[in-house]
Amino acid sequence: MGNLVGSLRYREPSTVEECDSTWETDSESEELQEQQPGDHLNITEPSNEADSKEGDQENANIQNNDTRESAPKLKRSFYAAKDLYKYRHSYPNSKEHRQPNEYRNLRFYLNTIPLIPDGIYVEEILTKWKGDYEQLEHNHTYIQWLFPLREQGLNFYAQELTQDEIKEFQGTREAKRRFLVAYTVMLDFFGLKLLDKNGNVARAANWQDRFQHLNESQHNYLRITRILKSLGELGFESFKAPLVKLLLEEALVEETMPNMKHSALEYFVYTIRNRKERRVLLRFAQLHYQPPEHFIWGPLKKRKPSAKMYCTREKNTARAKPTREAVAKNTVSLHASGDSSTGRTENNRSDKTENENRAKTASPASTDGQVCKTEEKSVSEGERASKNGRASVANKPKQASFKKKPEQGGKVEKQNQK
């Protein structure tokens, strides 16, 4: 019932943004998540998350492309982001079918069973294989036993870790001691050495030859990703950041392993569960990444809020106050249209009034001529008045028309009385 409820709550991420929570709370005062014994390390420079499935050839193809020149615009790998998201969140919705009494990984580290299919015990690997770089390079079955994970690798004889086995492993001193020795064997293979119990690492005496080999053999980047994951599963989470930091320095600053920079940023950094440590490493990488405009592991751009801001700007622009020139142009156009329409209206009114006056004052035919003469006289007087500046018919049609009406009416009445 518990697994059923958990499966209903878990939602599979569908984008890189959903898988990456590194920049969700970009605050240096944020409390460290899942405080580990090595979290007190003074990590002042950033790095990237790393992760890969040994059993998936697609993952290998992505990391092996590091030797090629970057495209004009890089793109985050959704496969890598999703795989590392599951790892950092302890594989949500996973089902463990093995019985707790098997514990093959723990028994292998207790030197009671050999690895399969080679039949080699862990003690032999730790004592005889150290410095045998040909054996460590070309044998591909031991790495899944030395650094077990809760996911399947290329060696299908190696079994995944379970949560119960992890607890037993972390509580077994002999197993943890051998695990650290195995880590030092692989560090020597990469040209590095372990400095202290806090996980700090540095170049080994053979670093030049080993760095050159590591820069050319990209399949070892898959091994580094697995080692980083296994360190976190078996109680050595604090060992990750020092290793990733040094690899970033060698790839980006010293440029001894330039082919590793993409795998370090896309995979190695993201094996680290602490978001604050990831941000510190990524900021360091961004300072030294070339070309800087191709760095794609920084804070994600928030598209939706920017779209809202764009709409707001458009609204504000539409509501902005008009300029003086615009106001002047609008005023002139309004006056021009108003004068023309008013003139037409007043002309219509004057014509209608004259017709009404004609109808009212119309009498016998003997007076028709007098009326006509009176109208002609009034019109001529109006023309003289406009010429002398008494009234402007074009500018003030209302005053001109209304002044003439009473004069016309009065003169008509006098003519009728006569």
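Before any of the text, the structure's been laid out above.
Residues numbered from 1 in each chain as written. Predicted model: local features only at pLDDT ≥ 70, side-chain atom pairs only at ≥ 80, totals over all residues. Heavy atoms only, no water.

**Some words on the overall build of the chain**
Thinking step 1. When you go through the chain residue by residue, the secondary structure sums to 19 helices and 2 strands.
Thinking step 2. Buried residues in the chain amount to 41% of all 418 residues.
Thinking step 3. In the chain, the share of contacts with a sequence separation of at least 24, taken over all contacts with a separation of at least 6, comes to 75%.
Thinking step 4. When the accessible surface of the chain is split by element, carbon and sulfur atoms take 50% of a total near 24200 Å². (Helix = DSSP H or I, 4+ residues; strand = E, 2+ residues; numbered from the N terminus. Buried < 20%, exposed > 50% of the residue type's maximum accessible area, 1.4 Å probe, protein only. Contact = heavy atoms within 4.5 Å. Areas by Shrake-Rupley, 256 points an atom, 1.4 Å probe, with all protein chains shown as cover.)

**Digging into the packing of aromatic side chains**
Thinking step 1. Enumeration according to the criterion identifies 17 aromatic pairs in this entry.
Thinking step 2. Geometrically, the ring pair formed by F169 and F179 is edge-to-face, given 6.2 Å between the ring centres and 85 degrees between the ring planes. Linking F169 in helix 9 (residues 163–170) with F179 in helix 10 (residues 173–190), this pair joins segments that are 10 residues apart in sequence. With respect to burial, F169 and F179 carry one shared label: buried.
Thinking step 3. Here the aromatic rings of W207 and F211 are separated by 5.5 Å at their centres, their planes lie at 65 degrees, and the arrangement is edge-to-face. One end of the pair, W207, and the other, F211, are both in helix 11 (residues 207–216), 4 residues apart, so they sit about a helical turn from each other.
Thinking step 4. Residue F211 is classed as buried on the basis of its relative accessible area, which comes to 2%. (Phe/Tyr/Trp six-rings, centres within 6.5 Å; stacked < 30°, edge-to-face > 60°.)

**A few points about the nonpolar core**
Thinking step 1. Residues F108, Y109, Y142, L146, L248, M260 and F268 are the most contacted members of the largest nonpolar core, which totals 70 residues.
Thinking step 2. If you tally residues by element for this core, the top one is helix 10, at 9 residues.
Thinking step 3. Residues in contact with M260, not counting those within four places in the same chain, are L214, N215, Y221, I224, L247, A251 and F268. (Core = buried A, V, L, I, M, F, W, Y, C linked by side-chain atoms within 4.5 Å.)

**Side note on unusual backbone geometry**
Thinking step 1. The omega torsion of the bond from I116 to P117 falls at 20 degrees, within 30 degrees of zero and hence cis.
Thinking step 2. Assignment of secondary structure puts P117 in the loop between helix 5 (104–109) and helix 6 (122–128).
Thinking step 3. The phi dihedral of Y103 is positive, around 45 degrees, even though this residue is not glycine.
Thinking step 4. Note that Y103 resides in the loop between helix 4 (78–88) and helix 5.
Thinking step 5. For N111, which is not glycine, the phi torsion reads 65 degrees and is therefore positive.

These values are about where atoms sit, not about what they do.
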